[in-house]
Amino acid sequence: MNLPHIMLITPNRKSPLMARFYENLSKNQLTTTRCKKCGSLLWPPRDFCPKCMSREVEVTRLSGIGEIVSFTEIIDGAPAGMESEQPYLLAIIMLEEGMKLLARVVGAKYDELSIGMKVELTIRKLHDGGIVMAFKPLGR
Amino acid sequence: MGKSAVVGVGLSKFGKREDASLRELAAEAVYESFQDARDIEPGDVEAVIVASSQPERLVVQSHVAPLICEYLGVKPSKGAFRVESACSSGGVALRMADIMIRSGEASKVLVVGVEKMTEAPRSEVMTTLSIVGDKDWESIHGITAPAGFALAAQRHMLEYGTKEEHLGLVAVKNHANAELNPKAMFRRRITLNEYKDSPPIAKPLKLLDCSPICDGASCVILTDAEDARKYNDTPVVVKSITQTTIGNSSTTVDDLTTWKPLVEAASRAYSLAGISPKQVDVAEVHDCFTIAEIIEYEDLGFCGKGYGGRFVEEGQSAIGGEVAVNTSGGLKAKGHPIGATGIAQVVEITLQLRGEAGKRQVSGADIGLTHNLGGFAVNHVVGIYGRMT
Ligand SMILES: [Zn+2]
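No experiment lies behind these values; they were computed from the predicted model shown.

So, how was this worked out
- Residues numbered from 1 in each chain as written.
- Chains lettered and ligands numbered in written order.
- Predicted model: local features only at pLDDT ≥ 70, side-chain atom pairs only at ≥ 80, totals over all residues.
- Heavy atoms only, no water.
- Phe/Tyr/Trp six-rings, centres within 6.5 Å; stacked < 30°, edge-to-face > 60°.
- Helix = DSSP H or I, 4+ residues; strand = E, 2+ residues; numbered from the N terminus.
- Buried < 20%, exposed > 50% of the residue type's maximum accessible area, 1.4 Å probe, protein only.
- Lys NZ or Arg CZ within 6 Å of the ring centre and 35° of its normal.
- Pairing = 2+ DSSP bridges.
- Contact = heavy atoms within 4.5 Å.
- Axes fitted to C-alpha atoms, helices over the stretch in contact; angles between N-to-C directions.
- pLDDT = per-residue confidence, 0-100.
- Donors = N, O, S within 2.8 Å, 3.2 Å for Na, K, Ca; no water.
- Tetrahedral: all angles 85-135°; square planar, octahedral: opposite > 155°, others 65-115°.
- UniProt positions renumbered as here; feature names shortened; annotations may be inferred.
- Domains from an automatic or database assignment.
- Buried area = accessible area lost by both parts, 1.4 Å probe.
- Salt bridge = Lys/Arg side-chain N within 4 Å of Asp/Glu carboxyl O.
- Nonpolar A, V, L, I, M, F, W, Y, C, P; charged D, E, K, R; others polar.
- Left-handed = near helix turned anticlockwise from the far one by under 90°.

1. Quick look at the packing of aromatic side chains
Right, so step 1: One pass over the structure, following the stated rule, counts eight aromatic pairs over all chains.
Right, so step 2: A ring pair is formed by F149 of chain B and W259 of chain B, whose centres lie 6.1 Å apart and whose planes are at 80°; its orientation type is edge-to-face. Taken together, the residues F149 of chain B in helix α6 (residues 145–160) and W259 of chain B in the loop between β8 (236–245) and α10 (260–273) connect sequence positions 110 residues apart.
Right, so step 3: Residue classification places W259 of chain B among the buried residues on the basis of a relative accessible area of 1%.
Right, so step 4: Joined through ring pairs, the aromatic side chains of F21, Y22 and W43 of chain A together with W137 of chain B make up one cluster.
Right, so step 5: One cation-aromatic arrangement involves R104 of chain A over Y88 of chain A; the distance from NZ or CZ to the ring centre is 3.7 Å.
Right, so step 6: The ring of Y110 of chain A has K203 of chain B sitting right over it, with the charged end atom 4.8 Å from the ring centre.

This is the structure in C-alpha cells:
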C-alpha cells in the first residue's frame with residue numbers, strides 16, 4: 001500500500017478570483033483587483049473593497065517590477081515537497097504600485113541580492129505541476 | 001470590575017516526550033498546579049480553556065478541550081473550549097479566562113496549554129508550521145517560521161547595526177538560564193563560538209537562533225482575586241492582559257523592525273496596570289528566534305529603538321540586569337511546545353513573583369511581564385502581573 005500521507009501545500013486556483021489571477025500569470029502578467037467605486041488598489045486580489053465595502057471591482061494589471069525590502073535563503077526546514085528545492089531564496093518585494101508581497105527570487109545567488117535591488121516578475125513551477133509567481137533580478 | 005489572580009501553576013517537563021501522550025502531558029501540568037494550590041480540586045473549576053495550536057495535524061486529534069476534561073474527570077458547568085491563535089494560543093487562553101472571571105461568568109477557571117510536536121514526521125511538522133502563514137500567498141513559496149524572522153533580522157542588522165554576536169548573546173543567555181530550570185528542554189550552556197558554528201537554517205539565522213520542536217504542557221488556575229487567598233498564601237494578580245491582531249502575512253507589519261501591534265498592546269497593558277516599562281523586574285518574552293527578543297526589548301520599552309543588541313551585550317536582560325528576560329530559558333532553551341508557551345510564561349512569572357524560582361530567582365521581583373506572539377509578528381498578547389498586596 002502506498003498512500004500519500006502528507007498533504008502538499010498548493011494554492012487555491014479554482015475560485016473565479018484566483019482562476020483569473022493564475023490565468024493572467026500564465027501570460028506572465030501580474031494582476032490584482034481595483035475598486036471601481038473608490039479606486040483603491042487591492043492586494044492580494046479581492047472580490048470586494050474593504051475600504052468602502054463595494055463589490056464592484058475590476059481586474060487591473062501591475063507592472064510586475066519592484067524592489068527587495070528584505071530577503072533570506074532557506075537552507076533547512078522547508079515544508080513537505082519543497083525539501084529538494086533547498087536552498088532557495090525568498091524576499092519581501094515592494095511593488096512599484098506600493099504593495100508588498102512575498103515570493104521566491106530565482107536566477108540569482110544569495111550573495112548577489114541586496115536590500116533595494118530591483119526585481120521583475122517571472123513564473124516558476126510548483127511541485128504539483130502548476131505555476132506560481134516568482135521574481136528575478138530586473139533585466140536578467 | 002474585579003481582578004483575577006493566579007492561585008496554582010504547573011508545568012510538565014519540556015522536551016521530546018515519547019513517554020507521554022497529549023492528554024498525559026496536559027494532566028502532568030494540571031496535577032502539579034493542583035498540588036501548588038490548596039483547598040481546590042479539578043472538580044471545583046467552572047470552566048476549562050485549552051490552548052493548543054494544531055493537534056489535528058501533529059497528533060491527529062481535534063476537540064482536545066473536552067478530551068482533556070474527560071481524562072481529568074471534570075465536567076465544568078460553564079463549559080470547556082479550545083483557543084487557537086498559533087504561537088499566541090496560550091496568551092489568548094489566559095486573556096479569555098481573565099475576561100470570564102472579571103465579567104462574573106466564572107470564579108474558577110483552569111487554563112491548560114499543550115502541544116505534542118515530536119510525534120509527526122519532520123516534513124509534516126514543517127508544513128504545519130509554514131501554514132500558520134497565508135497558504136495561498138506565502139506558504140506556497142516555502143516560507144518557514146525562521147525565514148519570516150530572518151527577514152526581520154536582515155533589516156534590523158542593516159538599519160541599526162545589530163550583529164550576529166548580538167543574536168548569539170540572546171541564545172547564550174537563555175541557555176544559561178535554562179541550565180537552572182529543571183523543566184527546560186536544553187539544560188546546558190552554549191558558547192558564542194558554538195552559536196557561530198551552528199548550521200544555517202534561514203540566513204542570517206542559524207540553528208542556535210531557533211527555538212526547538214518540543215513537547216510540553218502548562219497550567220494556570222485562575223480565580224477571582226477576592227477569593228484567591230483561600231487557595232494560595234501568595235496569589236499573583238493579573239494587572240492587565242491585552243491583545244492586538246493585524247493580519248496574517250510576513251508582509252503585514254508595515255515595519256519589519258518596529259512591531260507596531262506590539263507597541264500598541266504593550267502601551268495599553270502598561271496603562272491599564274498603571275506602571276511604566278522601567279518598573280518591570282522580570283519578563284518572559286517570545287524569543288521564538290533570537291532576533292525577536294531583541295526587537296521585543298525595544299518595542300516593550302526596555303530600551304530605545306535600535307539598542308536591543310547593545311541591551312543584551314551589556315547584560316541588561318540577564319538575571320541581575322535592568323530587567324531579567326526569559327529567566328526560564330525562554331522559548332529558545334526551555335522549549336516551545338506551541339500551545340503551552342503563553343501559559344508557561346505565566347508559570348515562570350508566578351514563581352518569580354513568589355520568590356520560588358530557585359537558582360534563577362530575580363531578587364525583589366515585584367512586577368512581571370509576559371509577551372506572547374503569534375504568526376509573523378501579527379498577533380501579540382502582553383500581560384502584567386504583580387504580587388497581591
Ligand atoms: Zn472601494
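2. A few points about the sheet that holds strand β2 (residues 41–42) of chain A
Residue and element names in this part refer to chain A.
Right, so step 1: Spatially, three strands are ordered β2-β1-β3 in an open sheet, and the strand pairing comes out antiparallel. Every interior strand has two partners, whereas the edge strands, β2 and β3 (57–62), have only one.
Right, so step 2: Of the strand pairs in this sheet, strand β1 (residues 30–35) and β2 are connected by two bridges, and their pairing is antiparallel. Paired with T33 across the strands is L42, a residue of β2.
Right, so step 3: The strands touched by helix α1 (residues 16–26) are β1 and β3; relative to β1, the strand with the most contacts, the crossing angle is about 140°.

3. Structural notes on the confidence of the model for chain B
All names here are of chain B.
Right, so step 1: Considering every residue of chain B, the mean pLDDT works out to 98; 100% of them sit at 70 or more.
Right, so step 2: Mean pLDDT values over the elements of chain B span from 95, in helix α5 (residues 122–130), up to 99, in strand β9 (residues 282–284).
Right, so step 3: Here the predicted complex carries an ipTM of 0.96, next to a pTM of 0.98.

4. A closer look at the coordination of the zinc ion
Residues and elements named next belong to chain A.
Right, so step 1: Here the zinc ion is held by C35 (SG), C38 (SG), C49 (SG) and C52 (SG), and the distances to it run 2.3 Å.
Right, so step 2: One can describe the donor arrangement at the zinc ion as tetrahedral, given that its four donor atoms subtend angles of 101 to 117° at the metal.
Right, so step 3: Sequence positions of the residues that donate to the zinc ion give the spacing C-x2-C-x10-C-x2-C. Taken as a pair, C35 in strand β1 and C49 in the loop between β2 and β3 lie far apart in primary sequence, 14 residues in all. Accessibility classification places C35 together with C49 in one group, the buried group.

5. So, the sheet that holds strand β7 (residues 216–224) of chain B
Note on sheets: strands pair through backbone hydrogen bonds, and any given pair is parallel or antiparallel.
All names here are of chain B.
Right, so step 1: As summarised here, the arrangement of the ten strands in space is β3-β2-β4-β7-β1-β8-β12-β11-β9-β10, forming an open sheet in which the pairing is mixed. With one partner strand each, in any of the chains shown, β3 (80–83) and β10 (324–325) form the two edges of the open sheet.
Right, so step 2: One ladder, built from five bridges, connects strand β2 (residues 47–51) with strand β4 (residues 108–115); its direction is parallel. Bridged to V50 within β4 is V112.

6. Details of the UniProt feature "domain: ChsH2 C-terminal OB-fold" (unreviewed entry) in chain A
Right, so step 1: Per the UniProt entry, the sites bearing "domain: ChsH2 C-terminal OB-fold" (unreviewed entry) are residues 61–123 of chain A in this numbering.
Right, so step 2: Secondary structure within residues 61–123 of chain A divides into 0% helix and 51% strand; the distance between the first and last C-alpha atoms comes to 16 Å.

7. Thoughts on the domain arrangement of chain A
Residue and element names in this part refer to chain A.
Right, so step 1: For chain A, the domain assignment lists domain 1 (12–62) and domain 2 (63–140).
Right, so step 2: Taking only C-alpha atoms, the centre of domain 1 and the centre of domain 2 are 21 Å apart.
Right, so step 3: If you look at the interface, domain 1 gives 13 residues, while domain 2 gives 17 residues.
Right, so step 4: Around 1200 Å² of area is buried between domain 1 and domain 2 when both sides are counted, 71% of it from carbon and sulfur atoms.
Right, so step 5: For the domain 1 face of the interface with domain 2, the top three residues by lost area are R13, W43 and L62, together amounting to 45%.
Right, so step 6: If you look at where domain 1 meets domain 2, you find one salt bridge.
Right, so step 7: With a closest N to O distance of 2.8 Å, R13 and D128 form a salt bridge.
Right, so step 8: Contributing elements (two or more residues each) for the side of domain 1 that touches domain 2: α1, β1 and β3.
Right, so step 9: Looking at the side of domain 1 that touches domain 2 element by element, the count peaks at four residues for α1.
Right, so step 10: Of the residues that constitute the side of domain 1 that touches domain 2, the class distribution is seven nonpolar, four polar and two charged.

8. A look at the packing of helix α1 (residues 22–36) of chain B against helix α3 (residues 64–72) of chain B
Residue and element names in this part refer to chain B.
Right, so step 1: At a minimum axis separation of 10 Å, α1 and α3 run at an interaxial angle of 65°. Both α1 and α3 take part in a crossing whose hand is right-handed. Contact residues: L22, R23, E24, A26, A27 and V30 in α1; V64, L67, I68, Y71 and L72 in α3.
Right, so step 2: A per-class count over the contact of α1 with α3 returns nine nonpolar, no polar and two charged.

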